[in-house]
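Here are the chains, one letter per residue:
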Amino acid sequence: MTAIVEIDYISLPVTEILKKVRSNGACKKLDFIGICIDETEKGEDFDFAWSRAVDLSALPFTAEEQKKLISLGSLIGTSDVAGQRSILTLYSDTFREYHRKAEEIYTKYGKICIVVSGFLGMGIFVLMI
């Protein structure tokens, strides 16, 4: 189930939704979710735990992405169901756009990096001979 469904029909608190996400492995690569859960289990409030988790994440967020993630954590769980649905939809659209831009950059420049690193490797090999 998506977070929106969990909020709409089951009315779970955000921390419980994150625990379900972690337990079913839906977001394995998003290490900050586990960090956030660990922080809340230590007694930290959700907003602080989320912000700290995003800061401690090993993922290569841009400053803008990190700022948006922290903003999401400060907003989610602070309004009624309709408000939370709107917040999640807005942020989902924003992060989809970040993902699209990242893929576009990789497609455009990723091949160049591979070619350049190949030439650099051959150049170093030639210099070693």
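Refer to the preceding data block for the structure.
The text that follows walks through the structure, step by step, so that each part is easy to find.

Conventions adopted
Residues numbered from 1 in each chain as written. Predicted model: local features only at pLDDT ≥ 70, side-chain atom pairs only at ≥ 80, totals over all residues. Heavy atoms only, no water. Axes fitted to C-alpha atoms, helices over the stretch in contact; angles between N-to-C directions. Helix = DSSP H or I, 4+ residues; strand = E, 2+ residues; numbered from the N terminus. Parallel < 35°, antiparallel > 145°, perpendicular 65-115°, else oblique. Left-handed = near helix turned anticlockwise from the far one by under 90°. Contact = heavy atoms within 4.5 Å. Expected span 1.5 Å × (residues − 1). Buried < 20%, exposed > 50% of the residue type's maximum accessible area, 1.4 Å probe, protein only. Arc of directions from axis to C-beta. Salt bridge = Lys/Arg side-chain N within 4 Å of Asp/Glu carboxyl O. Core = buried A, V, L, I, M, F, W, Y, C linked by side-chain atoms within 4.5 Å.

Axis separation between helix α2 (residues 14-23) and helix α3 (residues 31-41) bottoms out at 10 Å; the angle between their running directions is 130°. Here α2 is positioned oblique relative to α3, judged by the angle of their axes. In this structure, α2 meets α3 at a crossing whose hand is left-handed. Listed contacts from α3 to T15, L18, K19, V21 and R22 of α2 are I33, G34, C36, I37, D38, T40 and E41.

Over its 13 residues, helix α5 (residues 63-75) extends 19 Å from the first C-alpha to the last, a length consistent with the 18 Å expected when each residue adds 1.5 Å. Those residues of α5 lying buried are E65, L69, L72 and G73. Projected down its long axis, α5 shows its buried positions confined to an angular sector of 95°, all on one face. Across from the buried face of α5, at angles greater than 90 degrees, the exposed residues are A63 and K67.

Here helix α4 (residues 46-56) has its buried residues at F46, A49, W50, A53 and V54. Axial view of α4: buried residues confined to an arc of 130°, hence all on one face. Considering only its buried residues, α4 is in contact with α2, α3 and α5.

By the element assignment, T15 lies in helix α2. Spatially, the C-alpha atom of T15 lies 7.7 Å from that of T40, the residues being 25 residues apart in sequence. Setting aside residues no more than four positions away along its own chain, T15 makes contact with T40 and F46.

Counting through the fold element by element, I37 comes out in helix α3. Accessibility expressed as a relative area gives 1% for I37, which makes it buried. Spatially, the C-alpha atom of I37 lies 7.6 Å from that of A49, the residues being twelve residues apart in sequence. Those residues in contact with I37 that sit more than four places away from it in its chain are L18, K19 and R22.

Evaluated as defined, the whole model comprises eight salt bridges. One salt bridge in this structure joins E39 and R52, with 3.5 Å as the shortest N-O distance. Pair noted here: E39 is in helix α3 and R52 is in helix α4, with a separation of 13 residues, a long-range link. A relative accessible area of 8% means that E39 is categorised as buried. Residue class for R52 comes out partly exposed when judged on its relative accessible area of 36%.

What follows is about the nonpolar core. Judged by nonpolar contacts, the single largest core of 19 residues is most densely connected at L18, F32, C36, F46, W50 and L72. Listing elements by their share of this core, those giving two or more residues are α2, α3, α4, α5 and α6 (81-128). For this core, the element with the most residues is α4, which contributes five residues. Those residues in contact with W50 that sit more than four places away from it in its chain are L18, F32, C36, L69, I70, L72 and G73.

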